[in-house]
Amino acid sequence: MKVITPASTQYYDWQGFRCAYEVQTRRAGVDAGQIPLLLIHPIGVGLSRRFWDRFCQSWFEGQPNSLYLPDLLGCGESALPHVTYTPEDWAAQLQHFLQTVVQQPVVVVVQGALLPVAIALTQLQASPQSNSSNLVRGLILAGPPAWKVMTQATSPWQQKLSWNLFDSPLGNAFYRYARRREFLRSFSTKQLFATADAVDAEWLDELIAGAKDPESRHAVFSFLAGFWRKNYEQAIAHLTQPTLVVIGNTASSISRSGQAETPEQRMADYLKRLPHAQGIQLAGRNVLPYESTTEFVEAIAPFIQSLGSEAEAIGK
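On a predicted model such as this, the values are computed, not experimentally measured, just so you know.

Chemist: Help me out: how do you make sense of the nonpolar core in this one?
Modeler: If you look at soluble globular proteins, the nonpolar side chains tend to sit buried side by side. The biggest cluster of nonpolar side chains holds 50 residues, and the ones touching the most others in it are Trp90, Val108, Leu114 and Tyr270. Setting aside anything within four residues of it in sequence, one finds Trp90 in contact with Ile43, Leu72, Leu73, Tyr85, Leu114, Val117 and Ala219. Judged by nonpolar contacts, the second largest core, of 48 residues, contains Tyr175, Leu184, Ala211 and Leu307.

Chemist: Any chance you could explain the packing of helix H6 (residues 169–178) against helix H9 (residues 217–224) here in plain terms?
Modeler: Two packed helices can be described by the angle between their axes and the distance between those axes. Direction vectors running N to C along H6 and H9 enclose 105 degrees, while the axes themselves pass 11 Å from each other. Between H6 and H9, the interaxial angle falls into the category roughly perpendicular. Contact residues: H6 offers Gly171, Asn172, Phe174 and Tyr175, while H9 offers Arg217, Val220, Phe221 and Leu224.

Chemist: Just to check I follow, could you spell out the packing of aromatic side chains for this structure?
Modeler: Where two aromatic rings form a pair, the distance of their centres and the angle of their planes describe that pair. This structure, assessed with the given rule, holds 22 aromatic pairs. Geometrically, the ring pair formed by Trp52 and Phe55 is edge-to-face, given 5.6 Å between the ring centres and 75 degrees between the ring planes. Among the residues examined, Trp52 registers a relative accessible area of 0% and is labelled buried. Taken together, the ring pairs in this structure connect Phe51, Trp52, Phe55, Trp59, Phe193, Trp203, Tyr290 and Phe296 into an aromatic cluster. Cation over ring: Arg18 sits above Tyr11, and NZ or CZ is 3.7 Å from the ring centre. Seen from the ring of Trp228, Arg229 lies directly overhead, with NZ or CZ sitting 5.4 Å from the centre.

Chemist: What is the right way to read helix H3 (residues 115–126) from this model?
Modeler: Residues spaced three or four apart along an α-helix point in a common direction, a consequence of the helix completing one turn every 3.6 residues. A rise of 1.5 Å per residue sets the reference length of H3, with its 12 residues, at 16 Å; its end C-alpha atoms lie 17 Å apart and thus fit the reference within 8%. The buried count for H3 comes to nine of 12 residues, which makes it a mostly enclosed element.

Chemist: Please clarify how the state of the cysteines should be interpreted in this entry.
Modeler: Between two cysteines, a covalent bond joining their sulfur atoms is known as a disulfide. On inspection of all chains with the given rule, the structure shows zero disulfides. No disulfide involves Cys19; its sulfur sits 11 Å from the nearest other cysteine sulfur, which is in Cys75.

Chemist: What exactly am I supposed to notice about the environment of Leu141 here?
Modeler: With respect to the helices and strands, the residue Leu141 is situated in strand E7 (residues 136–142). Since its relative accessible area comes to 3%, Leu141 is described here as buried. The sequence separation of Leu141 and Val110 amounts to 31 residues, and the corresponding C-alpha distance is 5.4 Å. Every residue in contact with Leu141, bar those within four places of it in the chain, is listed here: Val110, Leu115, Thr243, Leu244, Val245, Val246, Tyr270 and Leu274.

Chemist: Explanation requested: the side chain of Ser292 in the structure shown.
Modeler: Structurally, Ser292 is set in the loop between helix H12 (288–291) and helix H13 (293–315). According to the relative accessible area criterion, Ser292 is buried, its value standing at 7%. A distance of 2.6 Å separates a polar side-chain atom of Ser292 from the backbone oxygen of Ala283. The residues touching Ser292, leaving out its near neighbours within four places in the chain, are Ala283 and Gly284.

Reading the values: the criteria
- Positions within a chain are numbered from 1, following the residues in the order the chain's sequence is written.
- Where totals are concerned, whole chains, interfaces and linings use all residues; where local detail is concerned, this predicted model gives features only for residues with pLDDT of at least 70, and gives and counts side-chain atom pairs only at 80 or more.
- For the side-chain quantities, the full set of heavy atoms in the structure was used; hydrogens and water were omitted.
- Throughout this description, the term nonpolar core refers to a set of buried Ala, Val, Leu, Ile, Met, Phe, Trp, Tyr and Cys residues connected via side-chain atoms within 4.5 Å.
- Think of it in three bands: residues with accessible area under 20% of the maximum for their type are buried, residues over 50% are exposed, and the middle band is partly exposed, with areas taken using a 1.4 Å probe on protein chains only.
- What makes two residues a contact is simply this: any of their non-hydrogen atoms within 4.5 Å.
- Angles shown run from 0 to 180 degrees and are taken between the N-to-C directions of axes, each axis being a line fitted to C-alpha atoms and, for helices, limited to the stretch in contact.
- Numbering of helices and strands starts at the N terminus; helices are DSSP runs of H or I of at least 4 residues and strands are runs of E of at least 2.
- By the definition adopted for this analysis, an angle is roughly parallel if under 35 degrees, roughly antiparallel if over 145, roughly perpendicular if from 65 to 115, and oblique otherwise.
- Stacked, tilted and edge-to-face pairs are distinguished by plane angle, under 30 degrees for stacked and over 60 for edge-to-face with tilted covering the rest, among Phe, Tyr and Trp rings (Trp via its six-membered ring) whose centres lie within 6.5 Å.
- Criterion for a charge above a ring: Arg CZ or Lys NZ at most 6 Å from the ring centre, at most 35 degrees from the ring normal.
- Residue count minus one, scaled by 1.5 Å, sets the expected span of a helix.
- When the sulfur atoms of two cysteines come within 2.5 Å, that pair is taken as a disulfide.
- Any N or O atom pair separated by 3.5 Å or less is treated as a polar contact, with the protein-specific requirement of one donor-capable and one acceptor-capable atom, and with residues adjacent in sequence counted only for side-chain atom pairs.

So, in structure tokens, the structure goes:
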């Protein structure tokens, strides 16, 4: 028996842009008092909050927590302005979303290389100007990047040079090529999924639909230009939230700097630097919420329940 409340796209304004989101819940009253999840989707050709659809269906087969799914600016059904995007931009958008829409503490689940966005969000929460310093209760890192990728900055001139190349007729042509089904299947097989048969029609259809509007290329090109590439070692060491690191047993890195790293080394590097962390390794590669959905849900549910129990105890 399905217990998911049908979700429709809703909108809020941030800095003059219309931003899309949806809220997934079980039937009214089932999730009362449970801490919700804020799901941060990855950036890539055709990617948006739809990345989490399979996770949402599996989540509500046994879990009560509501799910908040925003489309980051430049993605999905949010506005697609022709600008460069940084983790700080997206974090500010999510900060506004938490303050004005969610208005309660959440567990942030962040996929892959969007980890810098989650880091920037926690920094905004902790800033003296913030009036919502307790809205991020915990963090779940799904397939975080190789440690070297997270600690080696790209110089501003390299970022600008790359952006100028992407933001050209040549880049436009590349995006049209990259959104072809054949390219998306090949890239997903080589870089994202543990097995080729896991790259199914559902995945490819969602990417093709999400990349239909060529204006969606600006967020992708901002990511490829490396505007997120900084040394985050100190920022990670100062995270105060309880954190769960989930890494696939065949995790790989697109970046050359992280290709020699094993999944075990990646896990050890994160657990060594994060102040309040625990780790789980699952069968899969780089998109665990999609390729190993049931296992991912089972892995993170106890962590989320423990945070809810702690919050309840504090409130008594």
